[in-house]
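# Chains, contacts and geometry: an overview
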Amino acid sequence: MAGESLLPPLPNYGYKNMAKKKPVIEFRNLTFSYQLQEIPALKNINLTIYEGEYVAILGLNGAGKTTLQLCINGVIPNMIFGDFEGDVLVNGLNTQEYPTREMAKIVGMVFDNPEFQLTQTSVAEEVALGLENLGIPTVEMHPIIEDALETVGLDGLQERSPFALSGGQQQRLAIASALAMKPQIFVMDEPTSNIDPIGKEEVIAVAAKLNKEKHMTVILAEHEVEVIAQFADHVIVIHEGEIILDGTPHEVFAQVEKLEKIGLRVPQVTEFAYRLEKEYGVKVKEYPIKIDEAEQFAADTFKK
Ligand SMILES: Nc1ncnc2c1ncn2[C@@H]1O[C@H](COP(=O)(O)OP(=O)(O)O)[C@@H](O)[C@H]1O
Ligand SMILES: [Mg+2]
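Described in the following lines is the structure provided in the data block. What you see is a predicted model; the values in this text were computed from it and never measured.

## Here we look at the sheet that holds strand E2 (residues 42-50)
Overall, antiparallel pairing links the 4 strands, which are arranged E2-E1-E4-E5 in an open sheet. Edge positions in the open sheet fall to E2 and strand E5 (93-94), since each of these has one partner strand only. The sheet contact formed by strand E1 (residues 23-34) and strand E4 (residues 82-90) spans 8 bridges and is antiparallel. Bridge assignment links Glu-26 to a residue of E4, and that residue is Leu-89. Across the face of the sheet, helix H2 (residues 65-72) comes into contact with E1, E2 and E4 while running at roughly 125° to E1.

What follows is the structure, encoded as structure tokens:
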């Protein structure tokens, strides 16, 4: 019959897979140099980040992690200028053409030093600030603020001065301020590097919650490889402005020699398996990256 397809219907697993893998951020041949700098801070970056991924960016100081993140929210090249070649697309929108103010509603960002991000006299006002900038009426702010503070575990501290909070609480407040704007993508630039160990765990747990429960795409620059191994599902390694590894945590951390050559660590359990292989000829099928995997690896290796 006319108009009716004679082909069998497509199996729906294909559709499901496609739905799962929706690109949200695409770097296409991006090369960027800061003004008056001869050496590009980023070179030939081609990268796709999919919706809902928890992406860790790993690299030495000066590798280009912050620069890469500032390209996602469009601050580069719209507010920080330089030589910008190639394209960055967020939700298919070209960052060079889309207004940075509007992009801030899609991409939330927190930085390494929580104190510097806080300016208000109370926790509630701190979260309200971004909403005021968005033009949200005061009556509508209350539930949004409550919700953001609850998500980061700061409910009940609305009236507290941000400066009376611990480092971990301050960073979670900075996250709540960004969260109130309901971004779809959360970019975190070494958010735990200036806070104590307990604060670090709190912040990492909140980042995981945003990803798992709120289904946000999280992009985290982070030094602690154990944290990356535990939470990330996509790892990017940048070295001297270039992406040298891009894959799952297992794929990336299996490159022990390559990582150590440039001065980056791998998780301790991975290092352990690597040494057993190199020094004792132990067969390693897949390098463990987490404790439970290491336990399994040890059980398989030493059973006999
Ligand atoms: N505002 C800037 N002006 C000029 N050069 C910069 C600026 N910010 C960073 N750079 C340079 O760009 C390179 C990448 O820096 P950055 O992205 O901050 O690395 P990371 O975040 O990995 O430490 C470094 O060589 C750094 O010195
Ligand atoms: Mg940085």
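## Brief notes about the pairing of strand E8 (residues 217-221)
Within E8, 5 of the 5 residues are buried, which leaves it mostly tucked inside the rest of the structure. Where burial is concerned, the two faces of E8 agree: the one with Thr-217, Ile-219 and Ala-221 and the one with Val-218 and Leu-220 are both buried. With 4 bridges connecting them, strand E3 (residues 54-58) and E8 associate as parallel partners. For Tyr-54, the partnering residue across the bridge sits in E8 and is Val-218. The pairing of strand E7 (residues 185-189) with E8 spans 5 bridges and is parallel.

## Topic: the packing of aromatic side chains
Inspection of every chain in the model, using the stated rule, returns 4 aromatic pairs. Seen from their ring centres, Phe-32 and Tyr-34 are 5.0 Å apart, and the 75° between their planes marks the pair as edge-to-face. Assessed through its relative accessible area of 26%, Tyr-34 is described here as partly exposed. With a centroid separation of 6.4 Å and 50° between ring planes, the pair formed by Tyr-274 and Tyr-287 is classed as tilted. Here the residue Tyr-274 occupies a position in helix H13 (residues 268-280), and Tyr-287 occupies one in the loop between H13 and helix H14 (291-302), the gap between them amounting to 13 residues. As far as burial versus exposure is concerned, Tyr-274 and Tyr-287 are alike and both buried. Grouping aromatic residues by their ring pairs yields a cluster made of Phe-32, Tyr-34 and Phe-84.

## Some remarks on helix H6 (residues 123-134)
Along H6, the positions that sit buried rather than exposed are Val-123, Ala-124, Glu-126, Val-127, Ala-128, Gly-130 and Leu-131. Buried positions along H6 lie against helix H5 (114-117), helix H7 (138-151) and helix H8 (167-179). Gly-135 occupies a position one or two residues after H6 and carries a positive phi of about 80°.

## Side note on the site of ligand 1
Within the structure, ligand 1 sits among Tyr-34, Gln-37, Ala-41, Leu-60, Asn-61, Gly-62, Ala-63, Gly-64, Lys-65, Thr-66 and Thr-67. Between ligand 1 and the protein, one listed contact pairs an oxygen atom with a backbone N or O atom of Ala-63 at 3.2 Å. In the environment of ligand 1, an oxygen atom lies 2.8 Å from a nitrogen or oxygen atom belonging to the side chain of Thr-66. Look at ligand 1: alone it shows 560 Å² of surface, and the protein chains cover 59% of it. When grouped by side-chain class, the residues that make up the shell around ligand 1 number 4 nonpolar, 6 polar and 1 charged.

## Brief notes about the packing of H8 against helix H9 (residues 197-212)
Two elements in contact, H8 and H9, have axes separated by 8 Å at closest approach and are oriented at 20°. What the angle tells us is that H8 and H9 run roughly parallel. Each of Gly-168, Gln-169, Gln-171, Arg-172, Ile-175 and Leu-179 in H8 lies in contact with H9, whose residues at this interface are Gly-199, Glu-202, Val-203, Val-206 and Leu-210. Taken together, the residues that form the contact of H8 with H9 break down as 5 nonpolar, 4 polar and 2 charged.

Rules of the game
- Residues numbered from 1 in each chain as written.
- Chains lettered and ligands numbered in written order.
- Predicted model: local features only at pLDDT ≥ 70, side-chain atom pairs only at ≥ 80, totals over all residues.
- Heavy atoms only, no water.
- Pairing = 2+ DSSP bridges.
- Helix = DSSP H or I, 4+ residues; strand = E, 2+ residues; numbered from the N terminus.
- Contact = heavy atoms within 4.5 Å.
- Axes fitted to C-alpha atoms, helices over the stretch in contact; angles between N-to-C directions.
- Buried < 20%, exposed > 50% of the residue type's maximum accessible area, 1.4 Å probe, protein only.
- Phe/Tyr/Trp six-rings, centres within 6.5 Å; stacked < 30°, edge-to-face > 60°.
- Near = heavy atom within 4 Å.
- Polar contact = N/O pair within 3.5 Å; in protein donor to acceptor, adjacent residues only side chain to side chain.
- Areas by Shrake-Rupley, 256 points an atom, 1.4 Å probe, with all protein chains shown as cover.
- Nonpolar A, V, L, I, M, F, W, Y, C, P; charged D, E, K, R; others polar.
- Parallel < 35°, antiparallel > 145°, perpendicular 65-115°, else oblique.

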